[in-house]
Each structure stands twice: as C-alpha cells, then as structure tokens.
There are 2 protein chains.
Amino acid sequence: MIILKLGGSVITRKEATEPTLEPVNLDRIAREIARAKPDKLIIIHGAGSFGHLHARKYEIGSPIHTKGELQEKRMGFALTQNSVKDLNHSVCHYLLEYGIPALAVPPSSFIITHNKRIKSANLEIIEKYLEMGLVPVLHGDVVPDTQKSIQMAVVSGDQLVNYLSLQLKPERIILGSDVDGIYDRDPKKHTHAQLLEVVKSLEDLQFLEGAQTVDVTGGMAGKLKELLELAGKGIESELINAGCEGLLERTLKGEKVRGTLISK
Amino acid sequence: MIILKLGGSVITRKEATEPTLEPVNLDRIAREIARAKPDKLIIIHGAGSFGHLHARKYEIGSPIHTKGELQEKRMGFALTQNSVKDLNHSVCHYLLEYGIPALAVPPSSFIITHNKRIKSANLEIIEKYLEMGLVPVLHGDVVPDTQKSIQMAVVSGDQLVNYLSLQLKPERIILGSDVDGIYDRDPKKHTHAQLLEVVKSLEDLQFLEGAQTVDVTGGMAGKLKELLELAGKGIESELINAGCEGLLERTLKGEKVRGTLISK
C-alpha cells in the first residue's frame, strides 16, 4: 500500500488571495496516477488556498474567550470545511475522469483531536475501501478538538500522513510538492544550495530559518518534523516534485527519481 | 434536539433523467430553517436524482459474481458517492448562505452496513458538533457492507433517521417531503382519499399498493416501516409538506401544521 500526499502548493495556487485551483497540474497528476496503476493507494491532499485563507481569517485552533468569538469561529469552521470540501471535490472529479475509483473521506467526519493532535480516528472504513480496491482521498481539514479552550483545530495533510502511516504501515510514503526535495539551505537565497538525497535529522539542514514560511500547518519545518518522527519509527518517506511532469508516475512505478528520502 | 429529514423529492427533481437540483425549494427551506433558529439540529437529506440514477445503474447492493462486476460496481460506487456529495455540497451552500453553520458528515466516511443495515457508526463526532452549536448534515449515501456477496450498499436517508434517532434520542423528528403526509389511500387515484392525522400501524392504510413507487430506498412503505419501528420504541415523528411555503418554519417553531404524526 502507498500513501501519496499531494501538497496544497501543487494542486492549488497557494499564494492566491482567494481559493484557486491549479487545474493543469491536477489533471496531469490524475493522469500520471492512472497510468502508474498502483495496487493499493491512499491519497491525502493539502488544503492550499482553499484552507489557509479561511483558517487564518477565523483563527481556527486559537483560544476562544467569549460567546461572540465562539459564534464567529463556529461559522468560520463551517465555511473552512465547505471550502476544503470544494477542493476535494475537484480532486476527486479529476481522479474519476481518469477512471480512478476515488472516494472522499473527509477528516471532519471521523477525526477528533486533542490540543491539535489526532486523538481518535476509526480507520476501519479506510481499510475496507482499500480491500475493495477503492482509493480513499483525505485532506487537510478542520476537526473538533477536545481541548476546551480551543474547541476546534486544523488537521494538516502532513499530520494525516503521520497518523495514517503509523496505523496502517504503508510500504511507501510519497510526498509530492512543488519543490524537488530538501536542500541543505534555502535555494531561493543561496545559489549553491544542494539537494539532499537523504535527510536523517533536522541537523542535516542549515536552511531552517528560511523554511519558516507563513503556513498555518507549520511550513516545511513542520512537515519535516512529522516525517522524521515517522523515520524514527522505521517508516521512510520520499519527497518528490509533483509539479514536474512524469516524476510522480515514474516514482509510483518504482523508478528512482530526483528527490529526497527521509530516513532513520 | 431535532432531527430534520429533507426528502430527495423536495430538494431535487426526483424524476429527472440526470441529477437535477430544485434550487427554489432549497433556498426557501434554508431560509425557513434560519428563521426558525432551532436550538440543536441535525439535517438528513435524501439523495433524490443525485443518488437513485447512479445506484440503480450500477445496482449497488446487488450480489457481485465476477471480478469484472466488482470492478464496474466499484467505479459505480465512487461515481454515486461523488454525485450525492455534489447534492450535499449544494445543500450546505444554501444553509451557509443563510448563516446556518452546516457541516457535511457523509455516511460513506464513517458508516459500515451488514446486509444493508447499519452495523457500526461512531456518532461521537456528531454529538460533538451539536455541542459546539454546529449543524451536522448527513445524506443518503453508499457505504461498504460486510456481507461478502454484496460488499457495498445504499444507506437511505430514512434508515439514517431511524438509526440516529435510536442512538441520539431527539426531542422531535420532522420529515419534510413533497406530500402533505400519509393518506388512507393513494390520493392520486382516489379523489376521496383522506389525510391521516395519526398513523399507528401499516394496517391504518389501505393504499399501500399505490405507494410501492420505484425508489431504490424502498418507497413510502419502506419509509413508513422505519418510522413505525421508531414509534414502537416511543419515538414519534411528524410528516409535513416541505414543498409548501412556511410549513417547515412553523413546525420548527412548534406550531401545529397540516401533516401526519407517526405514533405508537
């Protein structure tokens, strides 16, 4: 079984001022998955501009002090969920177009967090879908939180990758974003930045200050932390550029492609 | 807490040859709910033409004999779910427009049936949403089934009403469809058919042969059976015409309106 994460940066225009799809990428990615025909597959996609704009506006996950704040955040929660569902609907649409039996499984209908970390999630239905040959599609979402002061939280695609991987023990985890992988320093600032073939700890990197991008789900450092935690438990993951034609298809087929392996 | 069922016949054009919304009704219904401001509310809507057309075409719920059949039905399952999700997205959209914090909770992400009856469903998240003041919106859907010969099933809005009512013990169950309630015989055939104020058993009705409409979820007889089962356990339900302006708002506010009470 493969868990494939599609970054919000590659399927949406992440810096747009309103939720905006990246339909060319999405169409190509769906085609590449269909061509590679992986046996058992779970897809988890980020929320990109469909999630961050709302989650940030309504500050989902920050403490609620008054009844008025709760009322506003409650509506914000519903609007955020509705917006990421919009994106998910488009993702499923493209997958179905290419004959992939994609099935939306929104975290907001079965995941509860405590202090922003997944506390309970019944994965029985996801296992059932895999057994049936269907492709469950999850996504970054908003969920209820049992921490009374916040009541609601954002669960990122990366946290989902972490949680599902620990529970379901996939053979491979592939993370497709809009960059080639992890560099030893910020490639936008340093012309001599080198792509790292393997990353084993945060200390392998000198660039971390540059990776603290404004991303409610934690930026690259947050992503890496989730993946290193997995690697520490013996579950490797592969970062590739899904914005680059053909790479996803080739890696799904088992070919070695340009990218970074997160390993112990 | 109120469980409100909106029949597929009132929010979609049920007899259309492709999935077709009934936007005027949907808009008005959302407005009426917003005006009535019920304290705690769960909405369950039927799938109407968004579900039946696909479910019938792919015969979801009928035995699977060959690998080819499984493959076809698997794709049909995904397409059906995608279509009802489409409808649900519209329902949520109208509710949000009127300031109702509607939250989609699709059965296909947390319900498993055995031989077409709900076997397991964790309702913790629905209770959590009610507590937070959100309005969970469920709908007729396709779900995995543990009966090996069928593997997948349709779960109707009516079965959901039954299951959720038994588990969550709502104060009221209101079912809005496109008819005034239950008649003693088919009103389309008999000019003297009488609207029954109360129905206590299937024997109260003489019209049942006419109610066996072609509806994969069981037609009126199926609906009544679910409701009489509830009534037998002391949980009453009210049938009203949600296609008639103002009735839903008035009944949500606690006024007595034209309709049928299903009682013990």
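All values derive from a computational prediction rather than experimental measurement.

(A) Highlighting the overall build of chain A. Per the secondary structure count, chain A includes 9 helices and 12 strands. Here chain A has a C-alpha radius of gyration of 18 Å; the compact-globule value for 264 residues is 18 Å, and the two agree. Judged by the C-alpha coordinates and their principal axes, chain A covers about 55 × 45 × 35 Å. Taking all 264 residues of chain A together, 50% fall into the buried category. Nonlocal contacts in chain A, meaning residues at least 24 apart in sequence, comprise 72% of its contacts between residues at least 6 apart.

(B) Representation of the environment of Tyr-129 of chain A within the structure. Secondary-structure assignment places Tyr-129 of chain A in helix H5 (residues 124–132). C-beta crowding within 10 Å serves as the criterion here: with 24 such atoms nearby, Tyr-129 of chain A is assigned to the buried category. For the pair formed by Tyr-129 of chain A and Val-199 of chain A, sequence separation is 70 residues and the distance between their alpha carbons is 33 Å. Leave out the neighbours within four places in its chain, and Tyr-129 of chain A touches Leu-103, Leu-134 and Pro-136 of chain A together with Pro-144 of chain B.

(C) Structural view of the nonpolar core. Leu-103, Val-135 and Val-137 of chain A together with Leu-103, Val-135 and Val-137 of chain B are the most contacted members of the largest nonpolar core, which totals 144 residues. With sequence-adjacent residues up to four places away left out, Val-137 of chain A is seen in contact with Ile-43, Asn-88, Val-91, Cys-92, Ala-102, Leu-103, Ala-104 and Val-105 of chain A.

(D) Layout of the packing of helix H3 (residues 48–57) of chain A against helix H4 (residues 67–97) of chain A. Residue and element names in this part refer to chain A. Packing of H3 against H4 brings their axes to within 8 Å, and their N-to-C directions diverge by 175°. Taken as axis vectors, H3 and H4 run roughly antiparallel relative to one another. Between H3, through Gly-48, Phe-50, Gly-51, His-54, Ala-55 and Lys-57, and H4, the contact on the second element is made entirely by Gly-76, Leu-79, Thr-80, Ser-83, Val-84, Asp-86 and Leu-87. For the contact of H3 with H4, the per-class residue count stands at 5 nonpolar, 6 polar and 2 charged.

(E) Summary view of the interface of chain B and chain A. Opposite the 31 residues of chain B that make contact, chain A presents 31 residues. Secondary structure elements with two or more residues in the side of chain B that touches chain A: helix H4 (67–97), strand S3 (102–104) and helix H5 (124–132) of chain B. Counting residues per element, the side of chain B that touches chain A draws most heavily on H4 of chain B, which supplies 11 residues. Looking at the side of chain B that touches chain A residue by residue, the classes come out as 19 nonpolar, 8 polar and 4 charged.

(F) Representation of the pairing of strand S2 (residues 41–45) of chain B. Residues and elements named next belong to chain B. Across the 5 residues of S2, 5 count as buried, placing the element largely inside the fold. Of the two faces of S2, the one lined by Leu-41, Ile-43 and His-45 and the one lined by Ile-42 and Ile-44 are each fully buried. Of the strand pairs in this sheet, strand S1 (residues 2–6) and S2 are connected by 5 bridges, and their pairing is parallel. In the strand pairing of S2, Ile-2 is matched with Leu-41.

(G) Structural detail: the confidence of the model for chain A. Taken residue by residue, chain A gives an average pLDDT of 91. The fraction at 70 or more is 94%. Confidence over residues 210–218 of chain A falls short of pLDDT 50; this stretch has 22 contacts with residues more than four positions distant or in other chains.

(H) Examining the environment of Gly-99 of chain B more closely. Locating Gly-99 of chain B in the fold gives a position in the loop between H4 and S3. Between the alpha carbons of Gly-99 of chain B and Arg-31 of chain B there is a distance of 9.2 Å; along the sequence they are 68 residues apart.

(I) Structural context of the sheet that holds strand S12 (residues 260–262) of chain B. Residue and element names in this part refer to chain B. Pairing is mixed in the open sheet, where 8 strands are placed in the order S3-S6-S2-S1-S9-S11-S12-S10. Taken across any chain shown, the strands that pair with only one partner, and hence form the sheet edges, are S3 and strand S10 (198–199). In the packing of H4 onto the sheet, contacts are made with S2, S3 and strand S6 (135–139), and the angle to S6 comes to roughly 155°.

(J) Molecular detail of the relation of the copies chain B and chain A. Rotating chain B by 180° and translating it 0.0 Å along the rotation axis places it on chain A, where the RMSD comes to 0.0 Å. Viewed as a symmetry operation, the transformation between the two copies matches a two-fold axis. Same-surface contact between copies: 100% of interface residues of chain B are shared with the interface of chain A.

How each quantity is defined
Residues numbered from 1 in each chain as written. Chains lettered and ligands numbered in written order. Predicted model: local features only at pLDDT ≥ 70, side-chain atom pairs only at ≥ 80, totals over all residues. Helix = DSSP H or I, 4+ residues; strand = E, 2+ residues; numbered from the N terminus. Rg over C-alpha atoms; globule rule 2.2 N^0.38 Å. Buried ≥ 20, exposed ≤ 12 C-beta atoms within 10 Å, placed from the backbone. Contact = placed C-beta atoms within 7 Å. Core = buried A, V, L, I, M, F, W, Y, C linked by C-beta atoms within 7 Å. Axes fitted to C-alpha atoms, helices over the stretch in contact; angles between N-to-C directions. Parallel < 35°, antiparallel > 145°, perpendicular 65-115°, else oblique. Nonpolar A, V, L, I, M, F, W, Y, C, P; charged D, E, K, R; others polar. Pairing = 2+ DSSP bridges. pLDDT = per-residue confidence, 0-100. Least-squares fit on C-alpha atoms with pLDDT ≥ 70 in both.

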